[in-house]
Amino acid sequence: MRRLILGTAGHIDHGKTALVKALTGVDTDRLKEEKERGITIDLGFAEFLPREGLHFGVVDVPGHEGFIRNMLAGATGIDIALLVVAADEGIMPQTREHLSILQILAVPRLTVAVSKADLVDGEWMDLVLEDIHDLLGRTPYSGAPILPVSTVTGQGLAELTEILGAVGEETADRCVEDVTRLPLDRVFTVRGAGTVVTGTLWSGLLRLGARVRLLPGDQEARVRSLQIHGKHVDEAWAGERVAVGLSGSRISHSELSRGQTLVEGEGWTTSRMLTCRLSALPGTGWEIEQGQRVRVHLGTAERLARVALLEGDRVAGGEEGWGQLRLEAPLLARVRDRLVIRSYSPVTTLGGGQVAEIGPAKRRSLVPGEKALLEARLGSSPSDAVAALLASAAWDGVPLADLPQRTGFSPPAIVEAVEGLLGVGAAVQLERFLFSEETWLLTREKVLSALRAHHRESPLRLGMPLEELRQIPPGERGFKLGESTLQDLAIQGLISVQKGLASIADFRPRLTSDQEALRARLRSILQESALSPPALGEMDEALGSVGSVQDILRLMEADGEILALDSGFYFWRDAVLTAGRTVVSVLGGASDLGPADFKSVLPLSRRHLLPLLRHFDTVGITTRRQDGRDVSMEVPPGWGEAASQDQ
């Protein structure tokens, strides 16, 4: 079964509702006020099966200029438009405005019904048909079928049904493998069923029991029931009119309204700013101007916004330009969505746009290269769109779950695009995030440049702390990008990582003759002091080499000559190894020993003994208990060969 939405369009009192009733048997004017006034005020709905295997959900829109916002709420979801022009009046203002809206929204197909054919003669009908041909000739619908009809005599109704069936067969199906999105056009309560929302399922599938969210508002619910034109179903497909019964502790009928969107799955976010390719309607005398306050219609939502043009100060009629819409309230949009822009006051349709970015950075103009990236976002290639998105995202990267909303392509198309980009190295995946190759290479170069600069400025230091290097990439996800970059550089052998420091792989500290002499003096002091070394500050003061002493001590530690213990002491390594063997030899197997017990074996001051005991706890010679220390029966494996690596 092919499922499509057929929407009406046209001037007030041109017979749209009567024509829908003649085709479907359903009077879509459901409101009491509509019955009394004889005009359509809000959206009406019906079911139409023009031929076997083809199902139309029909949306009947109001034609009065005062209800254009209601017309827009229905027109944004249609696949085929049925433009109705009354034969006795011909083309009228809302005929033109509705046709302009259909073009802005890129409705794929159009059929024209010339209603009330029984009220005019053949000569008049020829004039009306000629006017319609001229009007359509300036639009993408120049070859659309045009058929005179009458709901009174039945003229043309069978032919119209056949034509709509043929057009439906030629119209592309909506993607059921896409993400689920249902803009709400009605919200009400039903006794025994609770809160019910209705709308046209734009994309994806919706099943009973599904967990859904309603945005803006971020309310969570479960799908309790599904109806399509009054029939209970287990699932609804893209292109169907659906009524959804919702249940959940966070769902309140009073907090739901037309303009919200029901979605399923991760990655959805609302935005207060959209970057769009804007277009202004020709022949209206209106332009889209810098700073202009406008009404933005997207899906079933309407938002006030300010226009920030990025190329010049205005978009004249018939022209296009890039701009940002800075919304006064959040909106759920998806890249590639079409929207309509109307003036704030007096209210008239100015033009429209196509969304290229959601939640973008605020811009005043386009920098070189940005326009090409935006155009790629709206192109037909999923790979190019993803690549352009990653290039714009830079160090922020893009969560994989966000790609359907931020590219406008279906998950299967995105999977194929991402696999292709990863396969040729044009993208890099880190856990749930995707980065561009350019960002990855730039991060690598920044890390390597930082290390080279560190080696130049601090030639005695073994390396740069990993914590500093991880923070080189900016942004919320920069730390993770920095961590992965360091791991990759280490695997490739471009950097060396040891004891929390990183260095260029071939870097080796080189001492001057004065520094070699200082190292010899330090070696002599620490050898002689053995287990009672002076503190770092004391050596600085004695040697008069503040700033160099600690750097050289770190080199000596890296070479295995000394051990850096806590409290700022550097012990001669061989002395520590001998002390460890002595403790095990004399006290091995003893338990609950205090510092005084160890002083009988190692006659040291507390300031030297305690750091040494804590080191023994670390390497396993002793074990710290609440009441004292236990001593191992033997020294750890490799004691004396690799103990210098324990710190």
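What counts and how
- Residues numbered from 1 in each chain as written.
- Predicted model: local features only at pLDDT ≥ 70, side-chain atom pairs only at ≥ 80, totals over all residues.
- Heavy atoms only, no water.
- Axes fitted to C-alpha atoms, helices over the stretch in contact; angles between N-to-C directions.
- Helix = DSSP H or I, 4+ residues; strand = E, 2+ residues; numbered from the N terminus.
- Parallel < 35°, antiparallel > 145°, perpendicular 65-115°, else oblique.
- Contact = heavy atoms within 4.5 Å.
- Nonpolar A, V, L, I, M, F, W, Y, C, P; charged D, E, K, R; others polar.
- Expected span 1.5 Å × (residues − 1).
- Buried < 20%, exposed > 50% of the residue type's maximum accessible area, 1.4 Å probe, protein only.
- Salt bridge = Lys/Arg side-chain N within 4 Å of Asp/Glu carboxyl O.
- Phe/Tyr/Trp six-rings, centres within 6.5 Å; stacked < 30°, edge-to-face > 60°.
- Lys NZ or Arg CZ within 6 Å of the ring centre and 35° of its normal.
- Core = buried A, V, L, I, M, F, W, Y, C linked by side-chain atoms within 4.5 Å.

J.: Help me understand the packing of helix H17 (residues 573–587) against helix H19 (residues 606–619), please; the structure alone is not making it clear to me.
T.: Between two packed helices, both the angle of their axes relative to each other and the distance between the axes serve to describe the pair. Interhelical geometry of H17 versus H19 gives an angle of 75° and a closest axis separation of 11 Å. Looking at the two axes, H17 sits roughly perpendicular to H19. Judged by residue contacts, Val576, Ala579, Gly580 and Val583 of H17 engage Leu612, His615 and Phe616 from H19. A class-by-class count of the residues in the contact of H17 with H19 yields five nonpolar, two polar and no charged.

J.: It is not clear to me how H17 should be interpreted in this structure. Could you clarify?
T.: One turn of the α-helix equals 3.6 residues, which is why residues spaced by three or four share an orientation. Taking 1.5 Å of rise per residue, 15 residues should cover 21 Å, and H17 covers 21 Å from first to last C-alpha, within 8% of that figure. Along H17, the residues that are buried comprise Arg573, Ala575, Val576, Leu577, Ala579, Gly580, Val583, Val584 and Leu587. On its buried face, H17 is in contact with strand S30 (562–565), strand S31 (569–572), helix H18 (595–599), H19 and strand S33 (629–631). Count one or two residues on from H17 and you reach Gly589, which has phi positive near 90°.

J.: It is not clear to me how the pattern of salt bridges should be interpreted in this structure. Could you clarify?
T.: Side chains that carry opposite charge are capable of pairing whenever their charged atoms lie near each other. Per the stated rule, a full pass over the model turns up 35 salt bridges. Across the pair Glu162 and Arg51 runs a salt bridge, and its minimum N-O distance is 2.7 Å. Taken as a pair, Glu162 in helix H6 (residues 157–170) and Arg51 in strand S2 (residues 44–51) lie far apart in primary sequence, 111 residues in all. Taking relative accessible area as the criterion, Glu162 reaches 48% and is therefore assigned partly exposed. For Arg51, a relative accessible area of 27% puts it in the partly exposed group. Because the salt bridges share partners, they merge into one network encompassing Glu357, Arg363, Glu370 and Arg377.

J.: Help me understand the packing of aromatic side chains in this model?
T.: For any two aromatic rings, the description comes down to two numbers: the centre-to-centre distance and the angle of the planes. Counted according to the given criterion, the structure contains two aromatic pairs. Ring plane angle 35° and centroid distance 6.0 Å describe the contact between Phe48 and Phe56, whose orientation is recorded as tilted. Overall, the relative accessible area of 4% leaves Phe48 in the buried class. With a centroid separation of 6.4 Å and 65° between ring planes, the pair formed by Phe569 and Phe571 is classed as edge-to-face. Positioned above the aromatic ring of Trp237 is the side chain of Arg3, whose terminal nitrogen or guanidinium carbon lies 4.4 Å from the ring centre. Sitting over the ring of Tyr344, Arg293 keeps its end group 4.5 Å from the ring centre.

J.: Explanation requested: the nonpolar core in the structure shown.
T.: For soluble globular proteins, nonpolar side chains are generally found buried alongside one another. Among the nonpolar cores identified, the biggest contains 43 residues, and Leu522, Leu531, Leu553, Leu602, Leu612 and Phe616 are the most heavily contacted of them. Elements supplying a minimum of two residues to this core: helix H14 (513–529), helix H15 (536–543), helix H16 (549–558), S30, S31, H17 and H19. Ignoring any residue separated from it by four or fewer positions in sequence, one finds Leu602 in contact with Leu531, Ala579, Val583, Leu609, Leu612 and Phe616. Core analysis: the next-biggest nonpolar cluster, separate from the first, contains 38 residues, Leu43, Ile101, Val107 and Leu281 among them.

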